[in-house]
Amino acid sequence: MKKLQTILAVGATAVLLTACGDDTDETTEENDGAETEENGEDNVEASDSEPAGGPISISHNNYAEGIVKAEFFRQVLEEIGYEPTTSLVEKAFLFSGLENEEIDLGISAWLPHTDQQFLSLDSDNIDTYEEGVMYEGTEMGLVVPEYMEDLNTIEDLNDYVDELDGIITGIDPGASLSDITQNEILDHYNLDDFTLQTSSEQAMIAELNSKYNNEEPIVVTLWSPHWTFGEYDMKYLEDPDLIYGEGDNMYYMTRPGLGDEDPGLIEFMNRVIFTDDQLSEMLVLFAELDDEQAAAEQWIEDNRDLVDEWIEG
């Protein structure tokens, strides 16, 4: 398993947040004779390793995708012998907590673009893995209901200032999506008459729901995967200069050294990858039940064969 070093390079000007993952050249200690060094890269041969079990802390941010996935891992890790706990933390602390070894497992990083700003530019103190992709092909940007038929690009927003009262409805101000919108999008597309109104994911959804049900104009900051795309007919506004980037993959993260201590855990985690349909199903359950524990439990029951494959390898 190749660790992705969190020494990150700043990308092109058109993409605010870009990270480049390089293989580490560190030499790690042997773990039951299961590690080998190849071409200067760390490789953990853990095909026969069993998860170690015991206490493990899992942290996530206050977004639907992170909440329900963390609960999924809590239930499955408990099933295979761990004593997991979950905690909701601010985005920045998800990364600093891993670096400081206050957190064992982080759900999740959007790389190589969105979460680059939260990783220390000269540090390799957070472990991610090339095989640790949990979901491929995220997207984020400005979103409007389909009934706003003539509004198709971010640049078009300048023709809808009055209709929208000059408001872009956003999520929490600490989010990468908010940072890009406030500091890049408004200036780049000359949206001088617009204000990003930040609050929380829940408040944004409440406002979207209210406007949508009355077919009133609204533009929100949103991302995929998200359950609202299954609930409402919506579209992304085209971002011709790719200020929001070209999409990411979701990775789990661990504190430094956890992979060496418990290669069986890493082997299990690397087997877990959600398709769009699978993750959408989990997110819809979470939205319908309004309870992450019940949603994860139901999803595991409905996908028992798949979960067993992930556990058994």
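Each remark here, short or long, concerns the structure printed above.
### Some remarks on the overall build of the protein
- Broken down by element type, the protein carries 10 helices and 15 strands.
- By residue count, 53% of the 313 residues in the protein fall in the buried class.

### Focus: empty space enclosed by the protein
- On inspection of all chains with the given rule, the structure shows 1 cavity of 30 Å³ or more.
- Considering only enclosed or pocket space, the largest cavity measures out at about 210 Å³ in volume.
- Together, 16 residues line the largest cavity, and Tyr63, Lys91, Trp110, Thr114 and Trp223 are the ones closest to its centre.
- Those elements that provide at least two residues to the lining of the largest cavity are α1 (64-79), β7 (105-111) and α3 (176-188).
- Considering every element that reaches the lining of the largest cavity, the biggest residue donor is β7, with 3 residues.
- Residue classes in the lining of the largest cavity are distributed as 8 nonpolar, 5 polar and 3 charged.

### Let's talk about the layout of surface pockets
- Approximately 250 Å³ is the volume found for the largest pocket.
- Around the largest pocket, the lining residues are Asn62, Tyr63, Ala64, Ile67, Glu201, Gln202, Ile205, Trp227, Phe286, Ala287 and Asp290.
- Among the elements that make up the lining of the largest pocket, the one with the highest residue count is helix α4 (residues 201-213) (3 residues).
- Tallied by class, residues from the lining of the largest pocket come to 7 nonpolar, 2 polar and 2 charged.

### With respect to the environment of proline 225
- Looking at the element boundaries, proline 225 is found in the loop between β13 (220-224) and α5 (228-231).
- It is 9.2 Å that separates the C-alpha atoms of proline 225 and tyrosine 135, two residues lying 90 residues apart in sequence.
- If we skip the residues at most four places from it in the chain, proline 225 touches Tyr135, Thr138, Met250, Leu279 and Leu283.

### Looking at unusual backbone geometry
- In this structure, proline 112 follows leucine 111 across a cis peptide bond, with omega equal to 15°.
- Mapped onto the secondary structure, proline 112 falls in the loop between β7 and β8 (128-129).
- Between serine 224 and proline 225 the backbone carries a cis peptide bond, its omega angle lying at 10°.
- Residue glutamate 101 is not a glycine yet carries a positive backbone phi of 65°.
- Take glutamate 101: it is sitting in the loop between α2 (91-99) and β7.
- The class for glutamate 101 is partly exposed, based on a relative accessible area of 49%.
- In this structure, aspartate 290 is a non-glycine residue whose phi angle is positive, near 55°.
- Secondary-structure assignment places aspartate 290 in the loop between α8 (276-289) and α9 (292-302).
- Taking relative accessible area as the criterion, aspartate 290 reaches 66% and is therefore assigned exposed.

### A few points about the packing of α1 against helix α7 (residues 263-271)
- Viewed as axis vectors pointing N to C, α1 and α7 meet at an angle of 130°, and their least axial separation amounts to 13 Å. By the criterion of interaxial angle, the relationship of α1 to α7 is oblique. Classified by chirality, the crossing of α7 by α1 is right-handed. Across the interface between the two elements, Phe73, Val76 and Leu77 of α1 pack against Leu265, Phe268 and Met269 of α7.

### Considering a negative patch on the surface
- A cluster of acidic residues, Asp162, Glu163, Asp165, Asp187, Asp192 and Asp193, forms a negative patch at the surface.
- Take aspartate 187: it is sitting in helix α3.
- With a relative accessible area of 58%, aspartate 187 lands in the exposed category.

Here is what the cut-offs are and how they apply
- Residues numbered from 1 in each chain as written.
- Predicted model: local features only at pLDDT ≥ 70, side-chain atom pairs only at ≥ 80, totals over all residues.
- Heavy atoms only, no water.
- Helix = DSSP H or I, 4+ residues; strand = E, 2+ residues; numbered from the N terminus.
- Buried < 20%, exposed > 50% of the residue type's maximum accessible area, 1.4 Å probe, protein only.
- 1 Å grid on protein atoms, 1.4 Å probe; cavity = no way out; pocket = protein on both sides within 12 Å on 5 of 7 lines; lining within 4 Å.
- Points joined across faces, edges and corners; volume = space filled by probe spheres on them.
- Nonpolar A, V, L, I, M, F, W, Y, C, P; charged D, E, K, R; others polar.
- Contact = heavy atoms within 4.5 Å.
- Axes fitted to C-alpha atoms, helices over the stretch in contact; angles between N-to-C directions.
- Parallel < 35°, antiparallel > 145°, perpendicular 65-115°, else oblique.
- Left-handed = near helix turned anticlockwise from the far one by under 90°.
- Patch = residues over 30% accessible without salt bridge, like charges linked within 9 Å, V, L, I, M, F, W, Y side chains within 5 Å.
- Areas by Shrake-Rupley, 256 points an atom, 1.4 Å probe, with all protein chains shown as cover.
- Salt bridge = Lys/Arg side-chain N within 4 Å of Asp/Glu carboxyl O.
- Lys, Arg positive; Asp, Glu negative; His and termini not counted.
- Charge placed at Lys NZ, Arg CZ, Asp CG, Glu CD.

Everything listed here is a matter of geometry and, on its own, says nothing about what the molecule does.
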